[in-house]
Amino acid sequence: MERNQERAEEHLDKYEILKKYFGYDTFRNSQETLIDHILAGKDTLGIMPTGAGKSLCYQIPALLMDGITLVISPLISLMKDQVGSLNQAGIHAAFLNSSLTIGQYYKALGFAREGRYPIIYVAPERLMTEEFLDFALNSKIAMVAVDEAHCVSQWGQDFRPGYLKIAEFIEKLPKRPVVSAFTATATKEVRDDIIDMLMLRSPLVLTTGFDRSNLYFGVVTVRDRYAAIQNYLRMHKEDSGIIYCLTRKQVEEVCERLIKDGFSVTRYHAGLGDAERQKNQDDFIYDRTPLIVCTSAFGMGIDKSNVRFVLHYGMPKNIESYYQEAGRAGRDGEPAECILYYSSRDVITNQLFIDNNQDNDELDDVTRAIVKERDRERLKKMTFYCFTNECLRDYILRYFGEYGSNYCGNCSNCLTQFEQVDVTEIARTLVGCVESSRQRYGTTVIIDTVHGASTARIKNYRMDENPYYGSLAQIQAYRLRQVLNHLQMEEYLLVTNDDYAIVKLTAKSKELLEEGRQIVMKLAKESERPLKEAQDRGRGRKKGLPGGASFTKQEETLFEKLRALRTEIAREEKVPPYIVFSDKTLTHMCVVKPEDKQEMMTVSGVGEFKFEKYGERFLACIKGFHR
Ligand code: ADP
Ligand code: MG
Ligand code: ZN
């Protein structure tokens, strides 16, 4: 335990470690509480949104505890990233996973036995292997920290059977270590699962607010999604961003078109080979290509902190997925934008996903039916997100059981002018059509009927003979759908959760037909407005400075120079640029324009170790930019 002794001699406290190794002056709200509990030897479960700083909550105690901390992490890329960051900060850490050759693995394990690493990242599947157990049972394990702990839950998106072994592993250890778990998934089922499956002992469960105030949320409904996205990208040329698509095919199409239109972009989906996936992901992380078009397969384990926007070319299957994917924007706390480009076809695509879900093969029929039902319900809530007139942030927070304010001022709804529109006539027609066709058809048939479409299906069902056929031909179909959604939200109509998604009447439907009953909806004045807003905002506040200030021309130049230096260093060190310094740190440097070490050390994210390594080069770069 030579390394541990060395550490004990240093006698640093948690604040000194925060400053020296990580370069930060203060802990964020819940970090300190969690750290103190861990140091007091108590189990903890920290539920904090992406970018909140969960890693520090176990890394700092790991440096203060007597013994080794094992961090369980689901993905190789995550481990590499974290260990890379720690090494850059001057902390000895290693990972043990299948990316190592046998030789490398034994070498790392040998160093681990000698106590060289206070922090070791390990894949869950390794825990119960003979060699690893031999090491663990003969070492002093102070803490087991489970990152991305929701992977233990079958209800979650990212279930990993390997996580179920963690509790068994802990039981085997001669002395039970402190167990800490961390996740960004807030739902109650998942939280309960984590506590049960990891066998946490009366843990402190700390949930911090899920709001990510630096993220702008927007929903855009336009006919030509591609044009809209292309437009957005043109306005954000220097920024790094992710474009999520629903299917592999869509990824291929969008990526190809963007390349043709002159964008530097790469792609990622499960259909690509391992090598290509890895390469494309690295190109994005190392800022070689600023844009990536991908399916939901991309992202877990992407800690790239300078993602400035996440666009969704299509609506994801539920709010959990959406918030997780959108949340990959702005991890550095700087302003970033999350925009969902909606089309009604997305609902159908997602319904197909739910119906063909193969992940649940191990479940029995009854459980599978429950899961399906639940998925449909979640899809419905996601769809409502695209139609709500309320504050989008508030909608999301309420979904996770939190209460936001009704007005955030930083989402497309809060920033859009609404008008009250009387839709009583449309509502009555829709209800009438549902009733007269004896509640047998789905939303599309109903809308096509009142809109007077002459599709094969309409003819087949003889809906062209329905008394309401074509009675709302002059109203645009998307508007009809908005009203139908509104009626569903307000429970004037109900759409069944089974395979057919049939529109039915409810107890409230009759009220609609009563004399004097009025249905008023808030609708956006111009449908193009949210897009335009987003663009203007993007231009107006490029770098997020306190008080909404923006860079001077000179500071812009300095920022670019610092960024270039960062890229150069990242190449030398073979790490992603954001691991050298985050965008936030560079921004802060531009404002402070430090002249010497002392001033440089006041910049957020500059610690002792990093200063020794690169401080002088950055100081030299800043020279000449002082007033
Ligand atoms: P999470 O795992 O919760 O998504 P990370 O641990 O990856 O988040 O941290 C996100 C970012 O926040 C990192 O760039 C990290 O260095 C930074 N960070 C963490 N704690 C602090 C702090 N106390 N002050 C400033 N920045 C911090
Ligand atoms: Mg994390
Ligand atoms: Zn809002």
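Everything discussed here concerns the structure shown above.
What you are looking at is a predicted structure, and each value in this text was computed from that prediction instead of being measured.

Conventions adopted
Residues numbered from 1 in each chain as written. Chains lettered and ligands numbered in written order. Predicted model: local features only at pLDDT ≥ 70, side-chain atom pairs only at ≥ 80, totals over all residues. Heavy atoms only, no water. Near = heavy atom within 4 Å. Polar contact = N/O pair within 3.5 Å; in protein donor to acceptor, adjacent residues only side chain to side chain. Areas by Shrake-Rupley, 256 points an atom, 1.4 Å probe, with all protein chains shown as cover. Helix = DSSP H or I, 4+ residues; strand = E, 2+ residues; numbered from the N terminus. Donors = N, O, S within 2.8 Å, 3.2 Å for Na, K, Ca; no water. Buried < 20%, exposed > 50% of the residue type's maximum accessible area, 1.4 Å probe, protein only. Core = buried A, V, L, I, M, F, W, Y, C linked by side-chain atoms within 4.5 Å. Contact = heavy atoms within 4.5 Å. Expected span 1.5 Å × (residues − 1). Pairing = 2+ DSSP bridges. Axes fitted to C-alpha atoms, helices over the stretch in contact; angles between N-to-C directions. Arc of directions from axis to C-beta.

Enquirer: Explanation requested: the site of ligand 1 in the structure shown.
Expert: Ligand 1 sits among 15 residues. The nearest are Tyr24, Gly51, Lys54, Ser55 and Arg331. One of the backbone N or O atoms of Thr26 is found 2.9 Å from a nitrogen atom in ligand 1. When ligand 1 sits alone it has 580 Å² of accessible area, and the protein chains cover 83% of it. At three residues, the largest contribution of residues to the shell around ligand 1 is made by helix α4 (residues 54-64).

Enquirer: Teacher, can you tell me more about the coordination of the zinc ion (ligand 3) here?
Expert: Geometry reference: four tetrahedral donors at a metal, ideal angle 109.5 degrees. Six octahedral donors, ideal angles 90 or 180 degrees. Bound to the zinc ion (ligand 3) are the protein donor atoms Cys391 (SG), Cys408 (SG), Cys411 (SG) and Cys414 (SG), situated 2.3 to 2.4 Å from the metal. Mapping the donors of the zinc ion (ligand 3) onto the primary sequence yields the spacing C-x16-C-x2-C-x2-C. Highlighted residues: Cys391 in the loop between α15 (365-387) and α16 (392-399) and Cys414 in the loop between α16 and β14 (418-422), separated in sequence by 23 residues. Summarising the burial analysis for this pair, Cys391 and Cys414 share the class buried.

Enquirer: How should I be thinking about the nonpolar core in this particular structure?
Expert: Most often, soluble globular proteins have nonpolar side chains that are buried together. Ranked by size, the top nonpolar core spans 104 residues in total, and within it Phe132, Phe169, Phe217, Tyr385 and Phe618 carry the most contacts. Beyond its immediate chain neighbours, meaning those up to four positions away, Phe132 contacts Leu70, Leu96, Tyr105, Leu109, Val122, Arg126, Leu127 and Phe169.

Enquirer: Got a minute to help me understand α15 in this structure?
Expert: Structural remark: α-helix, 3.6 residues per turn; residues separated by three or four positions point the same way. Compared with the 33 Å implied by 1.5 Å per residue over 23 residues, the 33 Å span of α15 between its first and last C-alpha is a close match. Inspection of α15 places Val371, Asp375, Arg376, Arg378, Leu379, Lys380, Met382, Thr383, Phe384, Tyr385, Cys386 and Phe387 among the buried residues, and these make up the whole buried set.

Enquirer: Looking at this structure, how should I read the sheet that holds strand β5 (residues 141-146)?
Expert: For sheets, the rule is that strands pair by backbone hydrogen bonds, running either parallel or antiparallel. Taken in spatial order, the seven strands of this open sheet run β3-β4-β2-β5-β6-β1-β7, and their pairing is parallel. Bordering the open sheet on either side are β3 (93-96) and β7 (204-207), each of which pairs with just one other strand. Direction aside, neighbouring strands of the sheet carry axes that sit 15° apart on average. As judged from the four bridges shared by β3 and strand β4 (residues 119-122), these two strands associate in the parallel manner. Its bridge partner lying in β4, Ala94 is registered against Ile120. Those strands touched by helix α9 (residues 188-197) are β1 (44-47), β6 (178-183) and β7, and its axis lies near 155° from that of β1.

Enquirer: When you look at helix α6 (residues 102-113) in this model, what are you seeing that I'm missing?
Expert: The end-to-end C-alpha distance of α6 is 16 Å, a good match for the 16 Å that 12 residues give at a rise of 1.5 Å each. Among the residues making up α6, those that are buried are Tyr105, Ala108, Leu109 and Ala112. Projected down its long axis, α6 carries its buried residues within an arc of 100°, all on one side. α6 presents Gly103 and Lys107 as exposed residues on the side facing more than 90 degrees away from its buried surface.

Scope: geometric values only; no functional claims are made or implied.
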